[in-house]
Amino acid sequence: MSSWFNGGGSENDQPRKQTGKRQKGESYASRKEKEAQRNKRRSYDGRNIAPLPAVVNAKRKAKAGKNPVYFLKTYFPNTFGMPFSIDHKDVIMLAMAVIIVGGMQAVAMPRGSGKTSIFERLVLWAILFGHRRFAVLIGANSEAAEDILATLQTELMTNDLLAEDFPEACYPFIRLEEIANRARGQHIDGVATNLVWNRSKLVFATIEGAKCSGAIIIAKGILARLRGLKFKSKNGDELRPDLVVPDDPQTDNSARSEYQISKR
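Attention here is on the structure that accompanies the text. Quick caveat: nothing in here was measured; it's all calculated off a predicted structure.

## Topic: the overall build of the protein
Okay, step 1: A count of helices and strands for the protein gives eleven helices and nine strands.
Okay, step 2: Looking at the protein as a whole, 36% of its 264 residues qualify as buried.
Okay, step 3: Within the protein, residue pairs in contact and separated by at least 24 positions form 63% of the contacts whose partners lie at least 6 positions apart.
Okay, step 4: With the model as given, the accessible surface of the protein reaches about 16,200 Å², and the carbon-plus-sulfur share is 52%.

## So, the sheet that holds strand 4 (residues 196–197)
Okay, step 1: Taken in spatial order, the five strands line up as 4-5-6-1-9 in an open sheet, and their pairing is mixed. Unpaired on one side and paired on the other, strand 4 and strand 9 (243–246) mark the two borders of the sheet.
Okay, step 2: In terms of strand pairing, strand 1 (residues 134–139) meets strand 6 (residues 216–221) through six bridges, oriented parallel. Bridge assignment links Ile138 to a residue of strand 6, and that residue is Lys220.
Okay, step 3: Where helix 7 (residues 142–158) meets the sheet, its contacts fall on strand 1, strand 4, strand 5 (201–203) and strand 6, and the angle it forms with strand 6 comes to roughly 155°.

## Describing the packing of helix 4 (residues 68–75) against helix 5 (residues 86–101)
Pairs of packed helices are described in terms of their axes, by the angle between the two and the distance that separates them.
Okay, step 1: In the contact formed by helix 4 and helix 5, the axes pass within 9 Å of each other and the chain directions differ by 115°. In this view, helix 4 runs roughly perpendicular relative to helix 5, as classed from their interaxial angle. Contacts between helix 4 and helix 5 involve Pro68, Val69 and Leu72 from the former and Lys89, Ile92, Met93 and Met96 from the latter.
Okay, step 2: Broken down by class, the residue content of the contact of helix 4 with helix 5 amounts to six nonpolar, no polar and one charged.

## Examining the environment of Ile207
Okay, step 1: You can see Ile207 is positioned in the loop between strand 5 and strand 6.
Okay, step 2: Along the chain, Ile207 and His187 lie 20 residues apart, while their C-alpha atoms are 9.7 Å from each other.
Okay, step 3: When sequence neighbours within four positions are dropped, the list of residues in contact with Ile207 reads Leu52, Glu168, Pro172, Ile188 and Ser213.

## Section: unusual backbone geometry
Okay, step 1: Cis geometry is found at the peptide bond from Ala50 to Pro51, where omega equals -5°.
Okay, step 2: When you line up the elements, Pro51 lands in the loop between helix 2 (13–46) and helix 3 (58–66).
Okay, step 3: You will see that Glu178, though not glycine, has its phi angle at about 65°, which is positive.
Okay, step 4: As for its placement among the helices and strands, Glu178 is situated in the loop between helix 9 (167–174) and strand 2 (187–188).
Okay, step 5: Glu178 sits in the exposed class, given a relative accessible area of 59%.
Okay, step 6: The backbone phi angle of Asp248 is positive, close to 45°, even though this residue is not glycine.
Okay, step 7: Mapped onto the fold, Asp248 is located in the loop between strand 9 and helix 10 (252–255).
Okay, step 8: A residue is classified by how much of its surface remains accessible, and Asp248, at 35% relative accessible area, is partly exposed.

Conventions adopted
Residues numbered from 1 in each chain as written. Predicted model: local features only at pLDDT ≥ 70, side-chain atom pairs only at ≥ 80, totals over all residues. Heavy atoms only, no water. Helix = DSSP H or I, 4+ residues; strand = E, 2+ residues; numbered from the N terminus. Buried < 20%, exposed > 50% of the residue type's maximum accessible area, 1.4 Å probe, protein only. Contact = heavy atoms within 4.5 Å. Areas by Shrake-Rupley, 256 points an atom, 1.4 Å probe, with all protein chains shown as cover. Pairing = 2+ DSSP bridges. Axes fitted to C-alpha atoms, helices over the stretch in contact; angles between N-to-C directions. Parallel < 35°, antiparallel > 145°, perpendicular 65-115°, else oblique. Nonpolar A, V, L, I, M, F, W, Y, C, P; charged D, E, K, R; others polar.

Geometric descriptors of this kind do not, in isolation, establish any biological role.
In structure tokens form, the structure reads like this:
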């Protein structure tokens, strides 16, 4: 013991101690590398959302694709708890025709009759069934438009019925757990979903075979730049708006101005 503390010992002691230092250094580097690999793997596994859940009720989903009235009543019972009137059904079917065939249509309904709630969710119907790929929500200002988009985001992340039959649309958003940064790097067994979720833009996961794959919904105020809107998807498609929904595009101030009314 005294020779160890005094720096003595046999000739064979020194090489063993030096070798031990080298091994310790190599072991530390190796441990760091292994830890880095483990962290990388954990991050990779944590962002992998495979496998997607199966569709719970394919018949229900198929019926909803043919009938938007059924879609609204079935998947949003808390929003549409009362029966639709004949006028409601006429407006919904008119919107269906515009979504599928095209054209422009202005709709006026009494305040409080559910107009905004109906058209918000018809935008989802258009996207989920692949009728449209780039929807633009227009409000009196950007905040109003973003509120509409926030409603759709909430439905996609919290509506259990919708998630049951549209896992290709809902599950990637559900896995974010309301943390937008988790969209970065999200993948399905190595294939990026390219999901985007923020206050003014919603890009659906890129999933092969999904009708809503790569579709986009954006929110804009009516005074924002609207001409020339386009979106380049990760798979190279350049999308232009094919569904535009202005909702109550007036403010109290603009409603008092004939010029502003005419401009809108």
